[in-house]
Every structure is written in structure tokens, then in C-alpha cells.
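# Inside the fold
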There are 2 protein chains.
Amino acid sequence: MVRSRAEAASPFQTASHDHGSCIEDALDRAAQLCAARGARLTELRRQVLQLVWRGHEAVGAYAVLEALRRSHPGAAPPTVYRALDFLIEHGLIHRIESLNAYVGCSRPERRHVSQFLICGKCGDAAELEDSAISGALLRRAGALGFAVEQQTIELRGLCPRCRPNARAK
Amino acid sequence: MVRSRAEAASPFQTASHDHGSCIEDALDRAAQLCAARGARLTELRRQVLQLVWRGHEAVGAYAVLEALRRSHPGAAPPTVYRALDFLIEHGLIHRIESLNAYVGCSRPERRHVSQFLICGKCGDAAELEDSAISGALLRRAGALGFAVEQQTIELRGLCPRCRPNARAK
DNA sequence: TTATGATATGTTATATCATAACATCGTCAA
DNA sequence: TTGACGATGTTATGATATAACATATCATAA
Ligand SMILES: [Zn+2]
Ligand SMILES: [Zn+2]
Ligand SMILES: [Zn+2]
Ligand SMILES: [Zn+2]
């Protein structure tokens, strides 16, 4: 029932989602990945990652800062932004450009191009990895002579749980 | 040679691009559209639109503000942001989320979902309207039970003119 | 024409997001 | 031990955006 790693069914959160396991899993995977790469997941960075993973909503840097200060009173904006930069570089979180906010990556093991479905009601930011879509964009751009370096794909709308006629699946 | 309206060939700028006609055309079309819709394209809004259209790069609100002050010394941030809001509502400009900046719409006559190809070197922001891509996103999201309200699709990279092996077409 | 309401703009202050610059600390290897 | 490097501390500032309220302008109906 936990579905923490096997996200095959739906990328959205459900009532049965066990977020405790979810976040624990994310932190474990991050530790393993950093160890494997020789990157230092310091306690500060681990705490920031944990705070970004508090939910599946994108969270602003200053919200992270405020929460971080409970365990780390001297924290200042650069404290958080540097940790966020590290986590982004290592693919552990993503930045949501349309929200100026950050969200945990659901598949940090390998670099990928993802698409986000962001619910305007509950804030849930679901990460897709649809290679047909990213591939179509790559081909279309390539045909126009444009060399793609990065894709930002963010859809706003209502997730299944927040739709008016939400017949749960 | 102007290619101001018929963008069929390439959405990118070329050496032969006549931007004088381009911007004049954009302002004319904006006036017509607003008249037809009963919207008031005031002198202030028209000037802001003109400033956004100074080039095909996305331009920040404060850059618009600085330029606007030459003709409108008392302008303040709300002056610009309100005009930008009006222009966005009427589809005359788009906001580029990944740049916190604004760019003129190349086809303001009807609402559309567009994709932007943004050159990291020259800044050119080319607007595509690829219904296959927007449709694929709609279908994929719909299959997951997500009701899409808005699409933000912004690709960063190098445009044909800025690519190292740029063989002009 | 003049009153009236709606829309647009002016004005001041502040909220929100992000980085520059330089100091200090910790770790590890020569 | 010391030097180099990376991480963090610290202060200040830059960049983007909005709240709140005052005033002006415009359209329309009395
Ligand atoms: Zn979870
Ligand atoms: Zn991811
Ligand atoms: Zn032009
Ligand atoms: Zn457009």
C-alpha cells in the first residue's frame, strides 16, 4: 500500500500514501547516491532535503529557511540556497520555475527530463518522465535548428483528487 | 523579405529581419484586437507593449520600467506590472516563467498554447505553436486524471544563429 | 450637462525571491 | 603541521512582485 518507489500507477498522492516511508526512502536513496558519487550529503544538506520532502508540494526557499531555523538558528538565505543548489546539481530535487519553489525528485538515480503536473488546489506536484513528450520537443526543436539544453515543462490544473467530479480510482 | 506575419519558415530571427515593421505590425494588431474586444489599449499600455517588443528577447519588468521612465518619469513598479497584466490577459504578451520576463506574442489573434525556444546566447525567444506537443501533454495528463488549465513549456538551448556550426539557411 | 460608477493610474510602502562578497571553519592529504 | 579545498557563517544588497489606498479619467445614464 505504500507505493513509495513503485510509482507506476499514478504519480499523484492518494489517501493511503505513507509519506513517512516516502521521505525516509528519499533520504536513504540520497545518502546512497551521494556516497556512490563522492558527494558530501552533510547534515545541513540532509536537513534541507528532508524539509523539501516534507510534502509533495513545491516549497519555497524561505519556507525551508524558516523551518530549518528550528534546528539551525543561525541559518540565513545563503545557507538554504547553497544547499538547494547542491541538491539540484545532484538531481535530488527540482526547481519549479513557475512557482519559484523546489520539490523532491522522485527518481534521482539517473538524470532525466521530467514534466510536472501541479495541482492549483492542493499543490501536489507530480513528476512525469514521458520520453515521448520530451522526445517530441527535442525533435521539433532540432528540426528548427535549435540545440536543446534544458526543458521546463510545468502544467497547472487540478489533480484527480481535487477535480469536482473526482471519482476516486 | 520582412516575414513579419508569415512566420511559417522559422520562428527565429534572421539577419534580414525588419524589426521596425515587426513592432509596428504588432502594435497595429494590438490596437485592432483591443478595439474589437472593447478593451482599452491606453497610451501607457501601448508604450509598455512597445517596450516589450523592443526585441525578440524576453524583457524584465524593471527593464521596461527603466525605459518607460524616459517618456513617463513618474512610473513605478505597479505602473508596469498593471500594464503587463493587461497585456497578458489579452494575449498580447507572454510571461516566460524561467526568466521572470516578458515577450511579445507572435499570434495574439487567438488564445493558444505555445512553446518557447529560448537561446541562452542571444536571448531570442521563439514562440512555437505545436498542437501535437500540447495535445500529447493534454492526453497524457488527462489519462492520469489531471485537468490541465495552463501549460508552461520553455526550452533553453542555442538557436540556429548561435550554434557553433551555424550553417545559415 | 452633470452625476455616478467603473476603470485606470498615482503613490508609498513592503513582501518575496536570490546572490555578492568576504570571513571562518573542518577535513584531508602531502 | 600545514596548506588546499570545500563547506558554512555573516552581512549586505539586488531583483522581482504586490498590498493598500488616493486620485484621475472615462463612459453612460439621469
Ligand atoms: Zn510521499
Ligand atoms: Zn526528477
Ligand atoms: Zn521583430
Ligand atoms: Zn503567443
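This text goes with the structure placed above it.
First, a word on what this report is: a plain description of the structure on this page. (Residues numbered from 1 in each chain as written. Chains lettered and ligands numbered in written order. Predicted model: local features only at pLDDT ≥ 70, side-chain atom pairs only at ≥ 80, totals over all residues. Heavy atoms only, no water.)

Before going further, it helps to spend a moment on the overall build of chain A. Of the regular secondary structure elements, chain A holds five helices and five strands. Its helices and strands in sequence order give chain A the pattern α-α-α-α-β-β-β-β-α-β, from N to C terminus. Taking 169 residues into account, the globule formula puts the C-alpha radius of gyration at 15 Å, and chain A, at 17 Å, falls close to it. Here chain A holds 169 residues, and the buried ones make up 50% of them. Across chain A, contacts joining residues at least 24 apart in sequence account for 49% of those joining residues at least 6 apart. Only carbon and sulfur atoms are counted for the fraction: they give 51% of the accessible area of chain A, which is about 8500 Å². (Helix = DSSP H or I, 4+ residues; strand = E, 2+ residues; numbered from the N terminus. Rg over C-alpha atoms; globule rule 2.2 N^0.38 Å. Buried < 20%, exposed > 50% of the residue type's maximum accessible area, 1.4 Å probe, protein only. Contact = heavy atoms within 4.5 Å. Areas by Shrake-Rupley, 256 points an atom, 1.4 Å probe, with all protein chains shown as cover.)

All names here are of chain A. Contact pair helix 3 (residues 61-71) / helix 4 (residues 77-89): the axes reach a minimum separation of 9 Å and the direction vectors enclose 115°. The orientation of helix 3 relative to helix 4 falls into the category roughly perpendicular. For the pair helix 3 and helix 4, the crossing hand works out as right-handed. Every residue of helix 4 that contacts helix 3 at A61, Y62, V64, L65 and L68 is listed here: P77, T79, V80, Y81 and L84. (Axes fitted to C-alpha atoms, helices over the stretch in contact; angles between N-to-C directions. Parallel < 35°, antiparallel > 145°, perpendicular 65-115°, else oblique. Left-handed = near helix turned anticlockwise from the far one by under 90°.)

A few words on the protein's contact with DNA strand C. Residues in close proximity to DNA strand C total 17 residues, the closest being Y62 and R95 of chain A together with T42, H72 and R82 of chain B. Looking at DNA strand C alone, sugar and phosphate atoms form 47% of those within 4 Å of the protein. Within the side chain of R45 of chain B, an N or O atom sits 3.1 Å from a phosphate oxygen of DNA strand C. Separating a phosphate oxygen of DNA strand C from a side-chain N or O atom of H72 of chain B is a distance of 2.9 Å. With four residues, the top contributor of residues to the surface near DNA strand C is helix 4 of chain A. Within the surface near DNA strand C, the residues separate by chemical class into eight nonpolar, four polar and five charged. (Near = heavy atom within 4 Å. Polar contact = N/O pair within 3.5 Å; in protein donor to acceptor, adjacent residues only side chain to side chain. Nonpolar A, V, L, I, M, F, W, Y, C, P; charged D, E, K, R; others polar.)

Moving on: the protein's contact with DNA strand D. Looking at DNA strand D, there are 18 residues lining it, with T42, H72 and R82 of chain A together with Y62 and R95 of chain B nearest. Backbone atoms, meaning sugar plus phosphate, form 47% of the atoms of DNA strand D positioned within 4 Å of the protein. Note that a phosphate oxygen of DNA strand D is positioned 3.3 Å from one of the side-chain N or O atoms of R45 of chain A. Y62 of chain B has a polar side-chain atom sitting 2.6 Å from a base nitrogen of DNA strand D. Of all elements in the fold, only helix 2 (43-52) and helix 4 of chain A together with helix 4 (77-89) of chain B reach the threshold of two or more residues within the surface near DNA strand D. Considering every element that reaches the surface near DNA strand D, the biggest residue donor is helix 4 of chain B, with four residues. Considered class by class, the residues forming the surface near DNA strand D number eight nonpolar, four polar and six charged.

Time to look at the relation of the copies chain B and chain A. Structural alignment of chain B on chain A gives an RMSD of 0.1 Å, achieved by rotating through 180° and translating 0.1 Å along the axis. Such values leave the two copies arranged in the relation of a two-fold axis. Taking the C-alpha atom as reference, chain B places I153 of chain B closest to the rotation axis, 2.3 Å from it. (Least-squares fit on C-alpha atoms with pLDDT ≥ 70 in both.)

Counted according to the given criterion, the structure contains 14 salt bridges over all chains. Where D130 of chain B meets R140 of chain A, a salt bridge forms, and the shortest distance between an N and an O atom there is 2.6 Å. Of this pair, D130 of chain B sits in the loop between strand 4 (125-128) and helix 5 (131-143) while R140 of chain A sits in helix 5 (residues 131-143), on two different chains. Classification of D130 of chain B by relative accessible area gives buried; the value is 11%. (Salt bridge = Lys/Arg side-chain N within 4 Å of Asp/Glu carboxyl O.)

Ordered in space as 4(A)-3(A)-5(A)-5(B)-3(B)-4(B), the six strands form an open sheet in which the pairing is mixed. Across the chains shown, the open sheet's two edge strands, defined by having one partner strand only, are strand 4 (125-128) of chain A together with strand 4 of chain B. Sheet twist, expressed as the average angle between the axes of neighbouring strands with direction ignored, equals 20°. With four bridges connecting them, strand 3 (residues 115-119) of chain B and strand 5 (residues 147-158) of chain B associate as parallel partners. Bridging across to strand 5 of chain B, C119 of chain B finds its partner in G157 of chain B. Against the sheet, helix 5 of chain B makes contact with strand 3 (115-119), strand 4 and strand 5 (147-158) of chain A together with strand 3 and strand 5 of chain B, and its axis sits at roughly 135° relative to strand 5 of chain B, the strand it touches most. (Pairing = 2+ DSSP bridges.)

Residue and element names in this part refer to chain B. Looking at the zinc ion (ligand 3), the protein donor atoms are H17 (NE2), H19 (ND1), C22 (SG) and H56 (NE2), and they sit 1.8 to 2.4 Å from it. Considering all four donor atoms around the zinc ion (ligand 3), angles at the metal cover 104 to 116° and the coordination shape is tetrahedral. Written as a sequence motif, the donor arrangement for the zinc ion (ligand 3) is H-x1-H-x2-C-x33-H. Taken together, the residues span a long stretch of sequence, with C22 in helix 1 (residues 19-37) and H56 in the loop between helix 2 (43-52) and helix 3 (61-71) at a distance of 34 residues. For the pair formed by C22 and H56, the shared burial category is buried. (Donors = N, O, S within 2.8 Å, 3.2 Å for Na, K, Ca; no water. Tetrahedral: all angles 85-135°; square planar, octahedral: opposite > 155°, others 65-115°.)

Residues and elements named next belong to chain B. Within the protein, H94 (NE2), C105 (SG), H112 (NE2) and E127 (OE) serve as the donor atoms for the zinc ion (ligand 4), at 1.9 to 2.3 Å. If you look at the zinc ion (ligand 4), its four donor atoms make angles of 94 to 141° with each other, and the shape they trace is irregular. One chain supplies every donor for the zinc ion (ligand 4), spaced along it as H-x10-C-x6-H-x14-E. Placement of the pair is H94 in strand 1 (residues 93-96) and E127 in strand 4, with a sequence separation of 33 residues. A relative accessible area of 15% means that H94 is categorised as buried. Using a relative accessible area of 8% as the deciding quantity, one classes E127 as buried.

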